[in-house]
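Chain and residue survey
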Amino acid sequence: MENNCIFCKIINNEIPSYTIFENDDVKAFLDISQTTPGHTLVIPKKHRDSLLDFSQEDAKNVFQYIPEIARAIKASNPDIKGINLLNNNGEVAYQSVFHAHIHLIPRYSEQDDFSIHFSENQNHYTPEKYEALAEAIKTQF
Ligand code: 5GP
Ligand code: ZN
C-alpha cells in the first residue's frame with residue numbers, strides 16, 4: 001500500500017469500485033469516467049508507479065489476464081465491435097494516477113467517445129535516421 005494512492009485504496013476496499021474481476025495478482029474495475037460504456041482499468045495488486053517499474057514477473061502477473069478480461073467485456077454487449085488497450089506512463093503521456101493501470105476501452109463505432117491520432121511522418125525519415133533510432137534503443141537492453 002502506497003501512501004495516499006487512490007488505486008491502493010480501491011484494492012483495500014477503502015474506496016468502492018465496480019469490480020468485474022479480481023484475484024491475488026490483479027483487480028479489474030470500471031473506470032469512473034466511462035469514456036465508452038464498459039471502460040475498465042486493470043491494476044496490479046502490488047503498487048507500481050507505472051509500467052516502467054515492472055519486472056518480468058510483474059508483467060506476467062498482470063498481462064496474462066488481459067485477453068480473458070477483454071473477451072469478457074466484449075461478450076457482455078453485442079454492440080462492442082473492438083477494444084483498445086491503453087497504458088499511460090508519465091504525465092506527458094496523460095498518466096494522472098500513479099499506480100500502473102491498463103485501460104480496456106470498448107469500441108462501438110469510429111464515432112464513439114474515444115479516438116487516437118497517429119501522425120504519418122514517414123516522409124521525414126531516411127534509412128540512416130531509422131538506423132540511428134533503432135541503434136540508440138537496442139543498445140539499452
Ligand atoms: P490515466 O489518465 O492515469 O491513464 O487514467 C486514470 C484513470 O483513472 C482515469 O480514466 C480516471 O477516470 C480513473 N479514475 C480516477 N479516479 C478514479 C476512482 O476513484 N475510481 C475509478 N473507478 N476510476 C478512477
Ligand atoms: Zn497504489
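In this report, we go over the structure that sits alongside the text. Fair warning: this is a prediction, and the values are worked out from it, not measured in the lab.

Reading the values: rules and limits
- Residues numbered from 1 in each chain as written.
- Chains lettered and ligands numbered in written order.
- Predicted model: local features only at pLDDT ≥ 70, side-chain atom pairs only at ≥ 80, totals over all residues.
- Heavy atoms only, no water.
- Phe/Tyr/Trp six-rings, centres within 6.5 Å; stacked < 30°, edge-to-face > 60°.
- Helix = DSSP H or I, 4+ residues; strand = E, 2+ residues; numbered from the N terminus.
- Buried < 20%, exposed > 50% of the residue type's maximum accessible area, 1.4 Å probe, protein only.
- Lys NZ or Arg CZ within 6 Å of the ring centre and 35° of its normal.
- Near = heavy atom within 4 Å.
- Polar contact = N/O pair within 3.5 Å; in protein donor to acceptor, adjacent residues only side chain to side chain.
- Areas by Shrake-Rupley, 256 points an atom, 1.4 Å probe, with all protein chains shown as cover.
- Nonpolar A, V, L, I, M, F, W, Y, C, P; charged D, E, K, R; others polar.

1. Comments concerning the packing of aromatic side chains
Tallied over the full model, the rule gives three aromatic pairs. Look at F21 and Y65: their rings are 5.8 Å apart centre to centre, the planes differ by 45°, and that puts the pair in the tilted class. Within this pair, whereas F21 is found in strand β1 (residues 19-22), its partner Y65 is found in the loop between α2 (56-63) and α3 (66-75), the two being separated by 44 residues in sequence. The partly exposed category is assigned to F21, whose relative accessible area is 24%. You can call Y65 buried: its relative accessible area is 13%. Geometry around Y125 places K129 over its ring, the cationic atom sitting 4.6 Å from the centre.

2. Comments concerning the site of ligand 1
Around ligand 1 lies a shell of 16 residues, among which D31, N88, Y94, S96 and H103 are the nearest. In the model, an oxygen atom of ligand 1 is placed 2.8 Å from a nitrogen or oxygen of the Y94 main chain. Here ligand 1 has 520 Å² of accessible area as a free molecule, and 82% of this is covered by the chains. Breaking the shell around ligand 1 down by element, the ones donating at least two residues are α1 (6-11) and β2 (26-30). Tallying contributions element by element places α1 first for the shell around ligand 1, with three residues. Across the shell around ligand 1, the residue classes tally to nine nonpolar, six polar and one charged.

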